[in-house]
Number of protein chains: 4
Amino acid sequence: MNSFGTKFRLSIFGESHGNSIGVVLDGVPAGITLCEQDFEADLSRRRAGKKGTTPRVEPDQPHIVSGVFDGYTTGAPIAILFNNTNTRSKDYSLFRESPRPGHADLTASIKHNNYNDIRGGGHFSGRITLCLVAAGVVAKKMLPPAVRINAGLVELAGEKAGEGDWGEALSSAMRDGDSIGGVVECKCMNLPIGLGEPFFDSVESLISHLAFSIPGIRGIEFGDGFNASRMRGSEHNDCYINRKGETATNHAGGVNGGITNGNPVIFRIAVKPTSSITKGQETFNFISDRVEEFHVPGRHDACIALRVPVIAESIAAIAFANLI
Amino acid sequence: MNSFGTKFRLSIFGESHGNSIGVVLDGVPAGITLCEQDFEADLSRRRAGKKGTTPRVEPDQPHIVSGVFDGYTTGAPIAILFNNTNTRSKDYSLFRESPRPGHADLTASIKHNNYNDIRGGGHFSGRITLCLVAAGVVAKKMLPPAVRINAGLVELAGEKAGEGDWGEALSSAMRDGDSIGGVVECKCMNLPIGLGEPFFDSVESLISHLAFSIPGIRGIEFGDGFNASRMRGSEHNDCYINRKGETATNHAGGVNGGITNGNPVIFRIAVKPTSSITKGQETFNFISDRVEEFHVPGRHDACIALRVPVIAESIAAIAFANLI
Amino acid sequence: MNSFGTKFRLSIFGESHGNSIGVVLDGVPAGITLCEQDFEADLSRRRAGKKGTTPRVEPDQPHIVSGVFDGYTTGAPIAILFNNTNTRSKDYSLFRESPRPGHADLTASIKHNNYNDIRGGGHFSGRITLCLVAAGVVAKKMLPPAVRINAGLVELAGEKAGEGDWGEALSSAMRDGDSIGGVVECKCMNLPIGLGEPFFDSVESLISHLAFSIPGIRGIEFGDGFNASRMRGSEHNDCYINRKGETATNHAGGVNGGITNGNPVIFRIAVKPTSSITKGQETFNFISDRVEEFHVPGRHDACIALRVPVIAESIAAIAFANLI
Amino acid sequence: MNSFGTKFRLSIFGESHGNSIGVVLDGVPAGITLCEQDFEADLSRRRAGKKGTTPRVEPDQPHIVSGVFDGYTTGAPIAILFNNTNTRSKDYSLFRESPRPGHADLTASIKHNNYNDIRGGGHFSGRITLCLVAAGVVAKKMLPPAVRINAGLVELAGEKAGEGDWGEALSSAMRDGDSIGGVVECKCMNLPIGLGEPFFDSVESLISHLAFSIPGIRGIEFGDGFNASRMRGSEHNDCYINRKGETATNHAGGVNGGITNGNPVIFRIAVKPTSSITKGQETFNFISDRVEEFHVPGRHDACIALRVPVIAESIAAIAFANLI
C-alpha cells in the first residue's frame, strides 16, 4: 500500500504526468508553524535543472490543502498538493510495446493488467519522491530542535568525494548518452538515546524500508556496513566512554540492538545509474515479438544520485518522527 | 512493535533466558499440512553446536499450541512455543554495571528505565531469530510450490567462497578469543511476476525491513547492489528477451520498480562479527564511573554469520507470503 | 489517525471551511471504470437543500486527482478532492469563547491546544462525511455485482416509518428552532458467505467502527439488536434450511460468529438530533467565566438523520470491500 | 486478523478444546508491577460456576511466559497462556453434520473449507474472551490511577435491574432448557479530556470495534443511545458548566466529536440469549439433506450476559490504553 508509518503516517498519490501529485500527513502534532515557503529550501535541492539532471524542470509549488490554520498545524491531517506542469506525454506512448530496460513498465503492466498509467512511469516515477521531500520537511519540524540531519553525495561513478573528477565523469556519461550512479551518505546527529524497537521496528528497519521506496536504490548500509563483515569483533565494537553512552568510535553507526545509542546515525545508500538513457539498448518488442534495438525518448537525468541527498535526509526524518 | 506483516502477520515474544519464546502467526490459510517435524530441517540449520558457534545448544523443540487440527492449519492463528532449557543466567548479572560494547545492554536499559530483562540480552537476543525461522517454515508452505529460496554464506572474514580458507579464518579468530563476520546471499527463484508495491511496500522494502530485525546485520543489497552505483546505465540495465519478462542479465536482482519481474530475486546481507568476545575490551563501568578493561563472560558464537543463511531464507519467505 | 482499512484504505483530510476536503483511496484494483459522474447519484442523496437540511448547499463536485487513466482505475491510489465554496467563516468566531453544547468545539480545542481550525467545526464537521460517500461509491464498485446495499430512514423523532407524520415532526421542530433525530436501517443483500474475521475484525466490528466515525451517531445494532437481549434462545436462533446456509428467519442479521452467513446483513444506527439549534441554550462562557444563554449562529440541519442513509450504505460498502 | 490496537496491541490465539489459549500484549510500558495473582479478581468474575452459567468450570490459571522480570513489565511483549483442562471434545463431533443455529459452525466451516477446529466452537468460542479479560487487567494498569471502570448487568430477559425478578427469569429459562439475554452497562470515570480521534478512531469506534469481538453481542449504544434519536436537540445537548468541561447532564455519554469530554463515558451492550440450548430446535442436516429436529449436546450457559460485565470493562480499558 502507498502509506507508511504509525505515529506519523504519510499517504502518497499521483502520477508523473497526471494533473497533480500529493501527500497526506497524519499524526502531526498541533502547534507547529508551517507555511508553503518552508518547503522551498529542500524542494530546490531535489529540483532538476543542474548539470546531469533532466531538462524537465517543475516549479514544485506546494499547496497546503488542509491541516494548517493561521500558520500553525492544527492536529488534523495535512494534505499537500503539487501540480504537474511540464509534461510531454506523447513521449511515452510506446512503452507498452517496448518496455524500457530497468524500468517498471513491464512489471507494472503485468501487475495491473495494462491499466496502469504508463505516462512518464505513472505512479512509479521518481517524481513521486517530491512527496517524500515534502513529508521530510514536516518530519524535520517534529524532531527535537537539536537534531541535525545532513546528507551528501560521497561517491559518483565509483569515484570517492575529493578523489575523483566528478565533473568529467558526468560529462563523459552525458557525451555517451549514458548514465552513472553514486553513493549518498546521511548523518543524523543529536538524536535522543532509545529510539527504535528491537523487533521489528529497529531504526535500520524503518530507514531501509523507506530507502527502498526511492526508485533506483540498490543497497543500504549502516555504520561500517559491508566492511563490518570483514572486521573482527575487537575492531568493530565501540567502547562506551561515559554514562551518556558516547562511544570512542562509531562503527555501529549510532545504533545498538536496533535502538539509537546517542551517537550519530550514519547510513549510505547505493543509487543505480538512471535506467533511461538515450544510447541504444535492446529490449523485447511486444508487437514484433522479438528483441530489438531501442532508444528511450524523452528527457532524463544522467545521474539521479545528484538529487537523492535531500531525499535521504527526508526518509531519515520520517523514520525518526515515527519513533519519537 | 514486535509484529510484522499485514496479510501474514507474525508477533514474537520471549527472552533469551525466560521460560520460553514463541511466535504467533496470523493470516495462514486453512488446509496447509503442518506438524512439529516440519520445523526440524530449518531449525537444525540455525542451531548452534558446530565449529564457530556457541556451546549453548538448545533442542529447539517447537510446540504448536493452536491453529492446527488433525495435521492441517485451521485458518486461526498458529502459536508456536519453544522452551528455553540451557540457560546460565548468573553469567549476565554484571551487564548493567558494564554494558557490553556492540550490544543493546545500554540502549535497552535506557529505553526501558532498567526494567528490561538483561539476562542473555533478554528480548534483544539472537535467540529470538528462532521465531523468524519457525515463521519462515510456515511462510515457505504458503508460497507457490515452484518457488525455491536458497541462501548460503558467500564471504567469511572478507574471504570469498572458494577463494579463502574459511576454516583457518575461523580457527584463528577463536584462538584469539575474537570473532569474525561474513556475507550471506539469498536467491529466490520461480517467483510470480508482479509481487510488491511501488510505495512503500516494495519487495526490497519488506525484505530489508525484516533483515534489519536480525541482530548484527549492517547492510543489505539487491542484485548488483553497491556495485551498481559504479556502473553505467548501459551496463546495469537488463534487456528483456521475451514476453514472459525474462532478462538476458539480472543486474537488478529480479525487481523493477519494487515489483518482481520473474527473474531470481537476489540479495546479500552483511553480518557483523559477534559483539561478545572473550578477548579483553574496554567499556564504561557505571559503578566505578570510568572506562575499564572488560571480559564478556558466557558462551558465544565466534561467527554468527554461520547461522544466518536459514534466517535469510526465512525473512524472504515471510516477505513474499505478505505479497502473494 | 484519519485512515481506515487494510485491503481498501481510505485516508481523509480537510476542514469544513478550508479550501477543499478530500480522500485518498488505496487498494482499489486496476481496471474498474470510474469517472466523476459516477459520484453524482450518491452525493446528491447526501446533499443538503431539502426541507430539514441546512441552507448551506455545496455543489460537491468531485475532482479525481490520481489513480484513474482513460476511464479506468490504474491500481494506484485514487485521490478525490472537493472544493468548499459556500463558507461563511465569520459565523464561527465565537466558538472558543462559547463552546457549542453537543459539539467538539471544547474537546478539540483542549486536545489540540487551541490550534484546531474551529471554523465550521473544522475537521470535525459533518461535511467530512462527503469523503465517506465518495469512498463508498468506489467501494460499491469493488463488491460482486449481485450485492445490493440499501439504506433508508425507518424512524424520525421516535415515529416509525408509515406510522407517524414525519413532515409535521420536522415542521414542528423547525418552528421551534429545535432539531430531531432518527434511526437509519441498512440492508446488504447477496453477500458471499464467509466475510469477516472472528477476532477482531468481525463484520459488526468493522461496520460499527466506521459508523461511529459519522458525527452524531449514538448507537448501532445488528439483526434483532437490543431486542435480542429480551428474547429467548429458542426465539432468536435462526434455523438453517438448506446447505447454502439460508435461514428460515434472520434474527442474527446475516452474521454468525462475526462472519456473513449469506443472509441479508441488517443494521440500524441511531442518529442524535442536530446539536446546532437556533433556540437558546446555556453554555459556559470562557470570557465571562460563567454559564450564559447562547444562540448558535449560522445555518443548520434540523435533522441530520435525513442525510445519513447514503452514508450508512457507504460505510457498509467500505467494510465489505475490506473483507472481500 | 486476530490482533487489535496500535499503541497497545493484543494478539490472541487458541481454541476452546486445544491445549491452551493465550494472548500477546505489545506496547506495555516497562516498570508496571505484574504477577499472576493480579489476574485472579477479574478472571473470577468471568468464570463459570454460578447459577445460569455452564458447568464447564476452568481454573483459568494464567502463565506469564514473557515480558515480566522480577515482578515488573520489561517493555517487551507479554505473552500469557491458559491451559484448557476441562474439555469433552466428543460432544462436538456432529456439528459439521448439523450446524448449530446461531453458532459459527457453518460460517467457519465454509470460510475455512472444513479445516476449522470445530470442537467447542474452536477459535470462535466464548472461551477466547478469557484473553480479553487478561488483556484488560494489564490495560487497566496502563491507565491513570484515578480512572475507574465499572460494568454491571442492568437488564436481564427484558427486566430492568431492581424492577424484575432475575432469579425467577433465569430459573424459568433453565427449566425450559432455554436461554435468556441481557444488557450490560459500563461506566468509565475520571478519564482525561481529549482521548479519541475524529476520523476514524473515535472513542466509540474503538470500543464498539472491540465490543463486537465478544461473541453474542447484538448492539451497542453510548450515552442516551437509541433514545437520543427520539429526543430534541434542546433536550439532548449537554450544557457545559465550567472551564473543566463538566456538563450539567451527560446525554452524550462523555464523548463529543469522538473525543472524551471528561464526563463519564457510558455505554451499554446488548447480549443475545445463548445460542446453545438443550431444548429441541430445527437445523439443516448435511447428511440427510433436510431440516431435522436437533438437540445441542454438551454443557452451556443459560445466560452468557451474566459473564459479560468484566469483559465490557476489559474492552473499555483496552480501548483507552490505545488512546492515552
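Residues numbered from 1 in each chain as written. Chains lettered and ligands numbered in written order. Predicted model: local features only at pLDDT ≥ 70, side-chain atom pairs only at ≥ 80, totals over all residues. Heavy atoms only, no water.

### Focus on the interface of chain B and chain D
Filter applied, for reference: Only heavy atoms enter the contact rule, under which two residues are in contact if any of them lie within 4.5 Å. Summed over both partners, buried area is the accessible surface (1.4 Å probe) that two parts give up on being assembled. Put simply, a salt bridge is a Lys or Arg side-chain nitrogen that is within 4 Å of an Asp or Glu carboxyl oxygen. For this analysis, a polar contact is any N or O atom pair within 3.5 Å, provided that within protein one partner can donate a hydrogen and the other can accept it, and provided that sequence-adjacent residues contribute only side-chain to side-chain pairs. Secondary structure follows DSSP: runs of H or I at least 4 residues long count as helices, runs of E at least 2 residues long count as strands, and numbering of each begins at the N terminus. The classification used treats Ala, Val, Leu, Ile, Met, Phe, Trp, Tyr, Cys and Pro as nonpolar, Asp, Glu, Lys and Arg as charged, and all other residues, Gly among them, as polar.
Contact with chain B, which involves 37 residues of that partner, is made by 37 residues of chain D. Carbon and sulfur atoms make up 63% of the area that chain B and chain D hide from each other, which totals about 2,900 Å². Ranking the residues of chain B by area buried against chain D places Met1, Phe69 and Tyr115 of chain B at the top, with a combined share of 22%. The tally of links between chain B and chain D comes to zero salt bridges. Applying the counting rule to chain B against chain D returns seven residue pairs in polar contact (both at pLDDT 80 or more). Every element with two or more residues in the side of chain B that touches chain D is listed here: strand E2 (9–14), strand E3 (20–26), strand E6 (72–73) and strand E7 (78–83) of chain B. The leading source of residues in the side of chain B that touches chain D is E2 of chain B, at five residues. Considering only residue class, the side of chain B that touches chain D consists of 15 nonpolar, 16 polar and six charged.

### Topic: the packing of aromatic side chains
We apply this condition: Pairing of aromatic side chains here covers Phe, Tyr and the six-membered ring of Trp, requires ring centres within 6.5 Å, and sorts the geometry by plane angle: under 30 degrees stacked, over 60 edge-to-face, intermediate tilted. The rule is simple: take the accessible area with a 1.4 Å probe, protein chains only, and divide by the maximum for that residue type; under 20% is buried, over 50% is exposed, in between is partly exposed. Put simply, a charge is over a ring when the Lys NZ or the Arg CZ is close to the ring centre, within 6 Å, and near the line of the ring normal, within 35 degrees.
The tally for this structure, following the rule as stated, stands at 30 aromatic pairs over all chains. When the centroid spacing of 5.2 Å and the interplanar angle of 80° are considered together, the rings of phenylalanine 222 of chain C and phenylalanine 212 of chain D count as edge-to-face. In this pair, phenylalanine 222 of chain C sits in strand E11 (residues 217–222) while phenylalanine 212 of chain D sits in the loop between helix H5 (203–211) and strand E11 (217–222), so the two residues belong to two different chains. For phenylalanine 222 of chain C, a relative accessible area of 1% puts it in the buried group. One aromatic cluster is present, formed by Phe4 of chain A together with Phe199 and Phe200 of chain B through successive ring pairs. Over the aromatic face of phenylalanine 95 of chain A sits the side chain of arginine 100 of chain A, whose NZ or CZ is 4.0 Å from the ring centroid.

### Comments concerning the arrangement of the chains
You won't find any contact between chain B and chain C; their C-alpha atoms come no closer than 8 Å. Between chain A and chain D there is no contact, and the shortest C-alpha to C-alpha distance separating them is 8 Å.

### Focus: the pairing of strand E7 (residues 78–83) of chain D
All names here are of chain D. Let me state the cut-off plainly: If DSSP finds at least two bridges between two strands, the strands pair.
The element E7 is extensively covered by neighbouring structure, given that five of its six residues are classed as buried. The pairing of strand E4 (residues 62–64) with E7 spans three bridges and is antiparallel. Paired with histidine 63 across the bridge in E7 is leucine 81.

### Comments concerning the layout of surface pockets
As a reminder, the rule being used: Detection works on a 1 Å grid of protein atoms alone, calling trapped sets that fit a 1.4 Å probe cavities and calling open sets with protein on both sides within 12 Å along at least five of seven lines pockets, with lining residues defined by an atom within 4 Å of a point. Grid points are joined across faces, edges and corners, and a volume is the space filled by probe spheres set on the points.
Its boundaries defined by the atoms lining it, the second largest pocket holds a volume of some 580 Å³. Along its surface, the second largest pocket is lined by 22 residues, and Phe226 and Arg230 of chain C together with Glu221, Phe226 and Arg230 of chain D are the ones closest to its centre. Those elements that place two or more of their residues in the lining of the second largest pocket are strand E8 (148–156) of chain C together with strand E8 (148–156) and strand E10 (182–189) of chain D. When grouped by side-chain class, the residues that make up the lining of the second largest pocket number six nonpolar, three polar and 13 charged.

### Topic: the sheet that holds strand E14 (residues 265–271) of chain B
Cut-off, in case you're wondering: Only the stretch in contact is used when a helix axis is fitted, and all axes are lines through C-alpha atoms; the angle between N-to-C directions ranges over 0 to 180 degrees.
Ordered by their spatial adjacency, 10 strands build an open sheet running E9(A)-E8(A)-E10(A)-E14(A)-E11(A)-E11(B)-E14(B)-E10(B)-E8(B)-E9(B), and the pairing between neighbours is antiparallel. Each of the sheet's edge strands pairs with one partner strand only, and the pair in question is strand E9 (159–160) of chain A together with strand E9 (159–160) of chain B. As defined by bridge partners, strand E8 (residues 148–156) of chain A adjoins strand E10 (residues 182–189) of chain A across eight bridges and the pair is classed as antiparallel. Pairing of glycine 152 of chain A across the sheet is with glutamate 185 of chain A, part of E10 of chain A. The strands touched by helix H5 (residues 203–211) of chain A within the sheet are strand E11 (217–222) and strand E14 (265–271) of chain A together with strand E11 (217–222) of chain B, with E11 of chain A carrying the most contacts at an inclination of about 160°. With respect to the sheet, helix H7 (residues 309–323) of chain A is in contact with E8, E10 and E14 of chain A, its orientation differing from that of E8 of chain A by roughly 140°.

### Some points on the relation of the copies chain D and chain C
To be explicit about the condition: A least-squares superposition brings the copies together, and it is based on the C-alpha atoms of residues with pLDDT no lower than 70 in both.
Overlaying chain D on chain C yields an RMSD of 0.0 Å, the required transformation being a rotation through 180° with an accompanying axial translation of 0.0 Å. A rotation of that kind, with that shift, is consistent with a two-fold axis. Looking at chain D, 100% of its interface residues are interface residues in chain C too, so the copies touch through the same face.

### Remarks on helix H3 (residues 129–142) of chain A
The periodicity of an α-helix, 3.6 residues per turn, causes residues three or four places apart in sequence to face the same way. Residues and elements named next belong to chain A. For clarity, the cut-off: Helix span, expected: 1.5 Å multiplied by one less than the number of residues in the helix.
With 14 residues, H3 ought to run about 20 Å at 1.5 Å a step, and its terminal C-alpha atoms sit 20 Å apart, in line with that. Among the 14 residues that make up H3, 12 are buried, leaving the element largely enclosed by the rest of the structure. Within H3, burial applies to Thr129, Leu130, Cys131, Leu132, Val133, Ala134, Ala135, Gly136, Val137, Val138, Ala139 and Met142. Those residues of H3 that are buried lie in contact with strand E2 (9–14), strand E3 (20–26), helix H1 (40–46), strand E7 (78–83) and H7.

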